[in-house]
Amino acid sequence: MRDIKTGIIGCGGIASGKHLPAIKALGNVSVVAFCDIIKERAVKAAKTYGAKNARIYTDYKKMLEAEGSEMETVHVLTPNSSHSEITVTALESGRHVMCEKPMAKDVAGAEAMLAASKKTRKLLTIGYQSRYAPESEYLKKICEAGELGDIYYAEALALRRRAVPTWGVFLDADAQGGGPLIDIGTHALDLTLWLMDNYEPQMVTGSVYRKLADNENSANAWGSWDPKEYTVEDSAFGLIRFKNGATIVLKSSWALNIVDCSEAKCILCGDIAGADMQDGLRINGEKFSQTYITKPDLQKGGVAFYEGSKFSPSEKEAYTFYNAVINKGELIVKPEQALMVTRILAAIYESDKNGGKPIYFD
């Protein structure tokens, strides 16, 4: 691919932990502008990942106005509450946009992003990198080949026992729009919808809990949280029924009294066979009056001293985006699909606020 220039809006953990290393791995993308409301974060990111003489900004609008048309793309890596506003402005400035998940804090914001993409004819994709994991890509092929048959039941799993993110604004309901449901449940739901290729929900019900958040000095992977700052749920669950009769049960938690955890994984049950990601990818079914379980070998090895090509999901995600921009390749995560994820998550929250009342889709 030809060389291309990009800008980063939001230089926090998701930028340095995912997007910037993936961009660097591509080799042909130069990051020429960094923007963050905390200038020091932008400066630090530029020193590590920036092109020579990369510019620093604290106002994303000034960045979009000051940078020339040679900056063709933008990564929006800010808290959920600002995804929509920044993405719409970036699209209208003539840039293609990679926005980190979820698409937006609410449905209205996500709809505005999709409308702006269509109006400007600029590409928009959302950072659902779980689709690019080897087991996800292989299972997608199995589903497309019809080897599971009619997939009528699924579970979308994003369950942590005690892994509450205590940095940034993860615990802030105003900035994020929710807790584990919108943070990691969104990955599990996106993956499951994509594998099933079913984006026509009929009805959603949900239950949202805040049972452990007020505990002081809790055991936690990233240190105990401050209950006074914890303004979101600690677990949430939803049931989605589709127009064709299929059902998805979505389970998400940051803190839950369970032992077996599963994050960004799913279980699929079809009328021919089933699949799950509980112990790697497993396919199960029945042949010759006997049940079976098979585990595809997804390793790239087989030749001494050669591991094969190994690209992380985030690197595949970045490649797909830039290939779409440069070579008009196909986007894997389409904004219409990400919008449906946001609509379903919003319905789960709404259902809980109304005592579990079903939320019906048109």
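Above this text you will find the structure in question.
Thresholds, definitions, all that
- Residues numbered from 1 in each chain as written.
- Predicted model: local features only at pLDDT ≥ 70, side-chain atom pairs only at ≥ 80, totals over all residues.
- Heavy atoms only, no water.
- 1 Å grid on protein atoms, 1.4 Å probe; cavity = no way out; pocket = protein on both sides within 12 Å on 5 of 7 lines; lining within 4 Å.
- Points joined across faces, edges and corners; volume = space filled by probe spheres on them.
- Helix = DSSP H or I, 4+ residues; strand = E, 2+ residues; numbered from the N terminus.
- Nonpolar A, V, L, I, M, F, W, Y, C, P; charged D, E, K, R; others polar.
- Buried < 20%, exposed > 50% of the residue type's maximum accessible area, 1.4 Å probe, protein only.
- Pairing = 2+ DSSP bridges.
- Right-handed = clockwise from strand over helix to strand, strands pointing away.
- Phe/Tyr/Trp six-rings, centres within 6.5 Å; stacked < 30°, edge-to-face > 60°.
- Lys NZ or Arg CZ within 6 Å of the ring centre and 35° of its normal.
- Expected span 1.5 Å × (residues − 1).
- Arc of directions from axis to C-beta.
- Contact = heavy atoms within 4.5 Å.
- Core = buried A, V, L, I, M, F, W, Y, C linked by side-chain atoms within 4.5 Å.

Student: Help me understand the layout of surface pockets, please; the structure alone is not making it clear to me.
Tutor: One simple way to see leftover space: roll a probe sized like a water molecule over the atoms. There is about 1,000 Å³ of room inside the largest pocket. Lining the largest pocket we find 39 residues, and of these Gly 13, Ile 14, Leu 77, Thr 78 and Phe 170 sit closest to its centre. Looking at the lining of the largest pocket, the elements that each hand over two or more residues are helix H1 (13-26), helix H4 (83-92), helix H8 (180-196) and strand E11 (262-270). Residues belonging to the lining of the largest pocket are distributed by class as follows: 17 nonpolar, 13 polar and 9 charged.

Student: Honestly, empty space enclosed by the protein in this entry has me stumped. Any pointers?
Tutor: This model, assessed by the stated rule, comprises 2 cavities of 30 Å³ or more. A volume near 50 Å³ is recorded for the largest cavity. Lining the largest cavity, in full, are Lys 18, His 19, Ala 22, His 75, Met 98, Ser 314, Glu 317 and Ala 318. Of all the secondary structure elements, the ones that give two or more residues to the lining of the largest cavity are H1 and helix H9 (313-327).

Student: What should I look at first to understand the pairing of strand E5 (residues 96-100) in this one?
Tutor: For a regular strand, side chains alternate in direction, first toward one face of the sheet and then toward the other. Most of E5 is tucked away: 5 of the 5 residues are buried. Judged by which residues are buried, E5 turns out to be covered on both faces: His 96, Met 98 and Glu 100 on one side and Val 97 and Cys 99 on the other are all buried. Sheet analysis places strand E4 (residues 71-76) next to E5, joined by 4 bridges and oriented parallel. The partner of Val 74 across the bridge, within E5, is Val 97. After leaving E4, the chain enters H4 and then returns to the sheet as E5, a path that is right-handed. In this sheet, strand E6 (residues 124-127) lies alongside E5 in parallel orientation, the contact comprising 4 bridges.

Student: So what exactly am I meant to see when it comes to the packing of aromatic side chains here?
Tutor: If you walk through the whole model with that rule in mind, you get 6 aromatic pairs. Each ring, one from Trp 167 and one from Phe 170, has its centre 5.5 Å from the other, and the planes form 75 degrees; the classification is edge-to-face. By relative accessible area, Trp 167 is classed as partly exposed at 42%. Taken together through their ring pairs, the aromatic side chains of Trp 167, Phe 170 and Trp 222 make up a single cluster. Note that Lys 287 overlies the ring of Tyr 292, its terminal NZ or CZ placed 5.5 Å from the centroid.

Student: I'm lost on helix H5 (residues 107-120) in this one. Help?
Tutor: Residue pairs spaced three or four apart in an α-helix point in one direction, given the helix's 3.6 residues per turn. Between its terminal C-alpha atoms H5 stretches 20 Å, which fits the 20 Å expected from 14 residues at 1.5 Å a residue. Three or more residues of H5 are buried, namely Gly 109, Ala 110, Met 113, Leu 114, Ala 116 and Ser 117. Down the axis of H5, the sector holding all buried residues measures 160 degrees, keeping them to one side. Set apart from the buried face of H5 by more than 90 degrees, the exposed residues are Ala 108, Lys 118 and Lys 119. Packing partners of the buried residues in H5 comprise H4, E5, E6 and helix H10 (335-353). At the C-terminal side of H5, Arg 121 shows a positive phi close to 60 degrees.

Student: In this structure, what is going on with the sheet that holds strand E14 (residues 290-294)? I would like to understand it.
Tutor: Either a parallel or an antiparallel arrangement is found when strands of a sheet pair, and the pairing is made through backbone hydrogen bonds. One open sheet holds the 9 strands; their spatial order is E14-E13-E12-E11-E7-E10-E9-E8-E15, and the pairing between them is mixed. The open sheet has two edge strands with one neighbour each: E14 and strand E15 (359-360). Examined bridge by bridge, strand E7 (residues 151-159) and E11 share 8 bridges and lie antiparallel to one another. By the bridge assignment for E11, Glu 155 is matched with Ile 267.

Student: It is not clear to me how the environment of Ser 30 should be interpreted in this structure. Could you clarify?
Tutor: Inspection of the secondary structure puts Ser 30 in strand E2 (residues 29-35). For Ser 30, a relative accessible area of 30% translates into the label partly exposed.

Student: Help me understand the nonpolar core in this model?
Tutor: Taken as a class, soluble globular proteins show a tendency for nonpolar side chains to be buried jointly. Counting 82 residues, the largest nonpolar core has Leu 139, Leu 148 and Leu 268 as its most contacted members. The biggest single contributor to this core is H8, with 10 residues. Once residues lying within four places of it in the same chain are set aside, the contact partners of Leu 148 are Leu 139, Ile 142, Cys 143, Leu 268, Gly 270, Asp 271, Ile 272, Ala 273, Gly 274, Ala 275 and Ile 283. Core analysis: the next-biggest nonpolar cluster, separate from the first, contains 21 residues, Cys 11, Ala 15, Ala 46 and Leu 77 among them.

Student: What's the story with unusual backbone geometry in this structure? I'm lost.
Tutor: Peptide bonds are, in most cases, trans, and in most cases residues other than glycine have a negative phi. Between Lys 101 and Pro 102 the backbone carries a cis peptide bond, its omega angle lying at -15 degrees. The topology assignment puts Pro 102 in the loop between E5 and H5. Residue Arg 121 is not a glycine yet carries a positive backbone phi of 60 degrees. On the secondary structure map, Arg 121 appears in the loop between H5 and E6. We classify Arg 121 as exposed; its relative accessible area is 76%. In the Ramachandran plot, Phe 288 falls in the positive-phi region, its phi being about 50 degrees despite a non-glycine side chain. By the element assignment, Phe 288 lies in the loop between strand E13 (282-287) and E14. Here Phe 288 falls in the exposed class, since its relative accessible area comes to 80%.

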